[in-house]
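Structure assessment
Spelled out, the chains give:
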Amino acid sequence: MKIGELARRTAVSERSLRYYEEQGLLVSARTPSGHRTYPERAVDRVIRIQELFAAGLCSGKIAELLPCMRDEDGGPSEAATPWLVADLTRQRARIDARIAELVRTREVLDDVIVAASGSAGSSGPSRAPGPSWGVSAK
């Protein structure tokens, strides 16, 4: 398939697909006229790449990881090494820390919403006034 079709099927821009190729994340063949063509399995590969970027991994880390994953389902392949497992465990801990920070931020926003709702004529906030900044009063 041509790059435009791959872009449409994966909702990823052609520019991003070219970047993935430059980074070694995606491989294309070339027609005699120089146009990129991709195999059907490239759809799964691009979806997997997008999931890994969304998880906060950089292109270099994704390039290390992709050979250890099956494109079609994201499951592990036989290429995973103990070093990669240790590195991915650190990446997972980083993601967990980000999730915890987002939860704390959401709690602060909840406090602000309650406080703002209270100042609009309700009986007041259900928690102590002031920002909690990560300290939940629940």
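Residues numbered from 1 in each chain as written. Predicted model: local features only at pLDDT ≥ 70, side-chain atom pairs only at ≥ 80, totals over all residues. Heavy atoms only, no water.

1. A closer look at the packing of aromatic side chains
Inclusion rule: Here a pair means two rings of Phe, Tyr or Trp (six-membered ring of Trp) with centres within 6.5 Å. Their orientation is stacked below 30 degrees between planes, edge-to-face above 60, and tilted elsewhere. Helix and strand definitions follow DSSP, with helices as H or I runs of at least four residues and strands as E runs of at least two, each counted in order from the N terminus. When accessible area is computed with a 1.4 Å probe and restricted to protein chains, residues below 20% of their type maximum are described as buried, those above 50% as exposed, and intermediate ones as partly exposed.
Scanning the entire structure with this criterion turns up two aromatic pairs. For the pair Tyr20 and Phe53, a centre-to-centre distance of 5.8 Å together with 25 degrees between the ring planes defines the contact as stacked. You can see Tyr20 sitting in helix α2 (residues 14-22) and its partner Phe53 sitting in helix α3 (residues 42-54), a full 33 residues away along the chain. Judged by its relative accessible area of 27%, Phe53 falls in the partly exposed class.

2. Observations concerning the pattern of salt bridges
Here is the rule we go by: The rule for a salt bridge is simple: a side-chain nitrogen of Lys or Arg has to be within 4 Å of a carboxyl oxygen of Asp or Glu.
A full pass over the atoms with the stated rule returns 10 salt bridges. Across the salt bridge formed by Arg9 and Glu40, the nearest N and O atoms sit 2.4 Å from each other. Placement of Arg9 in helix α1 (residues 3-10) and of Glu40 in the loop between β2 (36-37) and α3 is noted, with a sequence separation of 31 residues between them. Given a relative accessible area of 39%, Arg9 falls into the partly exposed group.

3. Concerning the side chain of Gln91
Cut-off, in case you're wondering: We call two residues in contact when some of their heavy atoms are within 4.5 Å.
Mapped onto the elements of the fold, Gln91 is located in helix α5 (residues 82-119). If sequence neighbours within four positions are ignored, Gln91 has contacts with Leu57 and Lys61.

4. A closer look at the packing of α2 against α3
Spelled out, the test is: Axis definition: a line fitted to C-alpha atoms, over the contacting stretch in the case of helices. Angles run 0 to 180 degrees between N-to-C directions. Put simply, angles under 35 degrees are roughly parallel, angles over 145 are roughly antiparallel, angles from 65 to 115 are roughly perpendicular, and the rest are oblique. Under the grouping applied here, Gly and all other residues not named as nonpolar or charged are polar, the nonpolar ones being Ala, Val, Leu, Ile, Met, Phe, Trp, Tyr, Cys and Pro and the charged ones Asp, Glu, Lys and Arg.
The N-to-C vectors of α2 and α3 enclose an angle of 85 degrees; their axes lie 12 Å apart at closest approach. When the axis of α2 is compared with that of α3, the two are roughly perpendicular. Contact residues: Leu17, Tyr19 and Tyr20 in α2; Val46, Ile49, Gln50 and Phe53 in α3. Class assignment of the residues belonging to the contact of α2 with α3 gives a composition of six nonpolar, one polar and no charged.

5. What about α3?
Here is the rule we go by: Multiplying one less than the number of residues by 1.5 Å gives the expected span of a helix.
Look at α3: 18 Å from first C-alpha to last across 13 residues, which is about the 18 Å you get at 1.5 Å a residue. Of all the residues in α3, the buried ones are Ala42, Val43, Arg45, Val46, Arg48, Ile49 and Leu52. The inward-facing, buried residues of α3 contact α1, α2 and α4 (59-65). Count one or two residues on from α3 and you reach Gly56, which has phi positive near 95 degrees.

6. Some remarks on the nonpolar core
This is how the line gets drawn: Nonpolar core, defined: a set of buried Ala, Val, Leu, Ile, Met, Phe, Trp, Tyr and Cys residues in which side-chain atoms within 4.5 Å join the residues together.
With 22 residues, the main nonpolar core has Leu6, Leu17, Tyr20, Leu26, Tyr38, Val46 and Leu52 as its most contacted residues. Of all the secondary-structure elements, those providing two or more residues to this core are α1, α2, α3 and α4. Considering every element that reaches this core, the biggest residue donor is α3, with five residues. Excluding anything up to four places from it in sequence, Val46 contacts Leu6, Thr10, Val12, Leu17, Tyr20 and Leu26.

7. A closer look at unusual backbone geometry
Backbone geometry at Ala11 places phi at a positive 60 degrees, although glycine is not the residue there. Relative to the helices and strands, Ala11 is located in the loop between α1 and α2. We classify Ala11 as exposed; its relative accessible area is 72%.

Geometry only, nothing functional implied.
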